[in-house]
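Architecture and fold: a report
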Amino acid sequence: MQNEECHNYDPKWDNAMDEEMAALDANATWELVALLEDKKAIGCKWVYKVKHNADGSVNRYKARLVAKGYAQTYGIDYEKTYSLVAKMTTVRAIIAMAATKGWSLHQMDVKNVFLHGDL
Amino acid sequence: MEQPLSYVDQTHPNLVCRLKKALYGLKQAPKAWLDKIGQYLVTSGFQTSHADFSLYVKKTDHGIVIYVDDLIIIGDSDANIFDLKKLLKQKFEMKDLGKLRYFLGIEVIHSPKGIWLLQRQYALNKLVEYGMMSYKPISIPFEQNVKLSADEGDLVEDTTMYKHIVGSLIYMTITRPDLSYVVGVVSQFMQTPRKPHLDVVRCILRYIKHTLQCGIFYEAKSQLQVHGYTNADWAGNVLDRRSIGGFIFSFGSGVISWSSKKQPTVALSSTEAEYRGVAIATCEVVCYKNYSQIWDNQWMLMLSSIVITLVAYYLLTTQSIMLRQSTLRCTTTL
C-alpha cells in the first residue's frame, strides 16, 4: 500500500502519520523558517507500509516521512556521503570467532535510525 | 524542505522546514548516523577497526558491527555486553533483540557444537517466487566443461526476471561458497541474457533445492587459524580468453571469505594465471592482518599453488609480475 490519495479516508493511516510526526517533533528535526529568495525547498512525501507478523497477520501500520533526496545538489545541499555497510567477511569473521571462543553474540536494532544524525 | 502534506502549519503555510536532524531519503542521512554512533562509541573507549569502518572494538574484548540500523555485539563476558546494551539504550532509541538469530535474511543457529549460518528461508522463498518448487532437484549446479557463449541461442524475453533471479543468487552466495563460480558465470550475461543462460540459472535453482540445508558451520573450540587456498584455470573464458581465479579462506573451522573471479588481464601461461591468483589472494590476507586487533592468533597460510609460484619466481621477470611477486614476498613473511 503506497498510495498517497487514499490515506485521508482511512483513519489508520492518520494514526500512523500522527505517530511519525510526534517522533519528528520530539526529535526537533526541523524548525519553520522563511525560504531564502531564489532558493527552492526540496519536497517530501509520505510512505505507507503495512508491517506483518510472521504468521501473516497485520502487525501495525507505519507511515514514514521521507525527504526527496534526489533533488539535492552536491556541494550545495550536501558534501559528504557514506554508506555504512559492513563487509560480509567481517560479519562472518566475527561469528567464526564467537563460535570458536564460545563468546556471546547479541543483536540490537535502532528505531528511526536516520533521525539521530545531526546536520 | 517543504512542509509535510496534511501537516502544513495553518498559520504559516508559506514557511519551509529547516532541517536540524537527518531524515530518511536525504543523501547525507547514513553518514550523519554513522558519525553520531561512531563518535559515541569512540568516546566510550572503542576504536574503529582498520579492517572495516563499521567495526568497533574495545580492548576488554568486545566488538560491535554496525549494518545501518542493525548492530551485532560480541564479547567474552555477558556482563560487559549487558552494560554496553544498557548504555546504548539510554543514548539511542534501541530495541534489544537478544541473541543473534537473524541478520539480513541470514539465519544464525547456535548449538553447543558451534554456530550455523544458513539462508534456508530466503532460498525457499525465492524458489516459490520463481515457480521452481515443482522442478526436480539436481546434485550439481553446472555441467563440467560447458562453456557459455554470449551470442548463441534465442534472447530471453523477460530480462528483468533474469536479473532478478541472478540478483537473488548473488545474495545467496553470502553463505554458499559452492555457488560462487557458477553465479559468476551467469552474471556475465546480465545485459543480454539468452535461453542457454536461463537454463543454467534454472539448474542452479534446482541445485539449491537439493542443498537447502547447506550453509557454513563454525565449530566451537576449533583452532583459530587462517588457512587459505587459491587456484586458477587458464584462459577459461572462451569469449576473451581471460582466466578465472579463485581463493577461499577459512578461520577456525569455517570459511569466512572466498571469491571466484575473472582475472583482469590475459595470462600467457597457466603459471602466470595461478601466480596472479596467488597475488589477489595475498591482498585478501593483508586485509585480515587488520583484524588482528580482535584476534591474537598464530598465522598460518597455505597456498595450493605455492610450488608453482616458487618456480615462477625464477622464470618470470616482467615488471607487473615483479610487482605482484613483491606483494607476495612481503606478506608471506608477515
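Residues numbered from 1 in each chain as written. Chains lettered and ligands numbered in written order. Predicted model: local features only at pLDDT ≥ 70, side-chain atom pairs only at ≥ 80, totals over all residues. Heavy atoms only, no water.

Further remarks concern the overall build of chain A. Summing up its helical and strand segments, chain A has two helices and four strands in all. The N-to-C order of helical and strand elements in chain A reads α-β-β-β-α-β. Expressed as a percentage of its 119 residues, the buried residues of chain A come to 45%. Within chain A, contacts between residues at least 6 apart in sequence are counted, and of these 48% link residues at least 24 apart. Here chain A has roughly 6,600 Å² of accessible surface; of this, 48% comes from carbon and sulfur atoms. (Helix = DSSP H or I, 4+ residues; strand = E, 2+ residues; numbered from the N terminus. Buried < 20%, exposed > 50% of the residue type's maximum accessible area, 1.4 Å probe, protein only. Contact = heavy atoms within 4.5 Å. Areas by Shrake-Rupley, 256 points an atom, 1.4 Å probe, with all protein chains shown as cover.)

Before going further, it helps to examine the confidence of the model for chain A. Low-confidence regions, as indicated by low pLDDT, have predicted coordinates that should not be scrutinised in detail. Averaged over all residues, the pLDDT of chain A is 72; the fraction at 70 or higher stands at 69%. At the low end of the mean pLDDT range in chain A sits strand β3 (residues 58–67) of chain A, at 77; at the high end sits helix α2 (residues 88–101) of chain A, at 82. (pLDDT = per-residue confidence, 0-100.)

Next up on the list: α2(A). Residue and element names in this part refer to chain A. In this model α2 runs 20 Å from its N-terminal to its C-terminal C-alpha over 14 residues, within 8% of the 20 Å that 1.5 Å per residue would give. Among the 14 residues of α2, 13 are classified as buried, and the element is accordingly described as predominantly covered. G102 lies just past α2 and shows a positive phi near 70°. (Expected span 1.5 Å × (residues − 1).)

Next up on the list: the pairing of strand β13 (residues 254–262) of chain B. Pairing of strand β12 (residues 244–251) of chain B with β13(B), which is carried by eight bridges, proceeds in the antiparallel orientation. If you follow G245(B) over to β13(B), its bridge partner there is K261(B). (Pairing = 2+ DSSP bridges.)

Attention shifts here to the environment of G236(B). Residue and element names in this part refer to chain B. Among the secondary structure elements, G236 is positioned in the loop between β11 (226–232) and β12. Taking the relative accessible area as the measure of exposure, G236 reaches 10% and is therefore buried. In sequence terms G236 and K262 are 26 residues apart; their C-alpha atoms lie 8.7 Å from each other. Apart from residues no more than four positions distant in its own chain, G236 is found in contact with K147, R242 and S243.

Residue and element names in this part refer to chain B. Phi at A235 is positive, roughly 50°, even though this residue is not glycine. Of note, A235 is situated in the loop between β11 and β12. Note on A235: relative accessible area 13%, which makes it buried. Phi is positive for R241, which is not a glycine, with a value near 60°.

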